[in-house]
Amino acid sequence: MITSKQRAYLRSLSVNLPTIMQIGKGGLGENLIKTVGDALEAKELIKLSVLENSDETARSAADAIAEVTGAEVVAVLGRKIVLYRESKKHKKIEL
């Protein structure tokens, strides 16, 4: 569990992050979850976008992905999701 101070720090780091993935009509499939897990391992902090044609809301998608991947939801802003998970091999962010 991350503190509100750590969450604020991660949110500030995420401002200039590119959106690496979009969640669309396909929803939260196995491939998407695996790709998100791999991205979290490589980068620790990632930003996703939920498209308008998705059946998921940004909040429900964020919570579901975080639960399956063991990540923390840093922020849900409109249709954008920011997730964090400490990497086992590529530790970059000091909290």
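The structure this text deals with has already been given above.
Cut-offs used in this document
Residues numbered from 1 in each chain as written. Predicted model: local features only at pLDDT ≥ 70, side-chain atom pairs only at ≥ 80, totals over all residues. Heavy atoms only, no water. Pairing = 2+ DSSP bridges. Helix = DSSP H or I, 4+ residues; strand = E, 2+ residues; numbered from the N terminus. Axes fitted to C-alpha atoms, helices over the stretch in contact; angles between N-to-C directions. Contact = heavy atoms within 4.5 Å. Salt bridge = Lys/Arg side-chain N within 4 Å of Asp/Glu carboxyl O. Buried < 20%, exposed > 50% of the residue type's maximum accessible area, 1.4 Å probe, protein only. Lys, Arg positive; Asp, Glu negative; His and termini not counted. Polar contact = N/O pair within 3.5 Å; in protein donor to acceptor, adjacent residues only side chain to side chain.

Caption draft 1: Inspection of the sheet that holds strand E3 (residues 72-77) at higher detail. A sheet is described by the order of its strands in space; here 4 strands give the open sequence E1-E2-E4-E3, paired in mixed fashion. Each edge of the open sheet carries a strand with a single partner, namely strand E1 (19-23) and E3. Averaged over all pairs of adjacent strands, the angle between their axes in this sheet comes to 25°, without regard to strand direction. The pairing of E3 with strand E4 (residues 80-84) spans 5 bridges and is classified as antiparallel. Note on E4: the bridge partner recorded for Leu77 is Lys80. Against the sheet, helix H2 (residues 30-43) engages E1, strand E2 (45-50) and E4, with an angle of about 165° to E1. Each of E1, E2, E3 and E4 is contacted by helix H3 (residues 58-69), which is oriented at about 170° to E3, the strand it contacts most.

Caption draft 2: Representation of the pattern of salt bridges in the model. All chains considered together, the criterion is met by 3 salt bridges. Ionic pairing is found between Asp63 and Arg59, a salt bridge with its closest N-O pair at 3.3 Å. In this pair, Asp63 and Arg59 are both assigned in helix H3, 4 residues apart and thus about one turn of the helix distant. Judged by relative accessible area, which is 44%, Arg59 ranks as partly exposed.

Caption draft 3: Structural view of the side chain of Ser49. By secondary structure assignment, the location of Ser49 is in strand E2. Classification of Ser49 as buried rests on a relative accessible area of 8%. With near-sequence residues (within four places) excluded, Ser49 lies in contact with Thr19, Met21, Gln22, Ile23, Arg79 and Lys80.

Caption draft 4: Representation of the side chain of Lys47 in the model. Residue position: Lys47 is located in strand E2. The side chain of Lys47 is buried and forms no salt bridge, while Glu44, the nearest opposite charge, is found at 16 Å. A distance of 3.3 Å separates a polar side-chain atom of Lys47 from the backbone oxygen of Leu17. Excluding anything up to four places from it in sequence, Lys47 contacts Ser14, Val15, Leu17, Pro18, Thr19, Ile20, Met21, Lys80, Ile81 and Val82.

None of this, on its own, says anything about what the molecule does.
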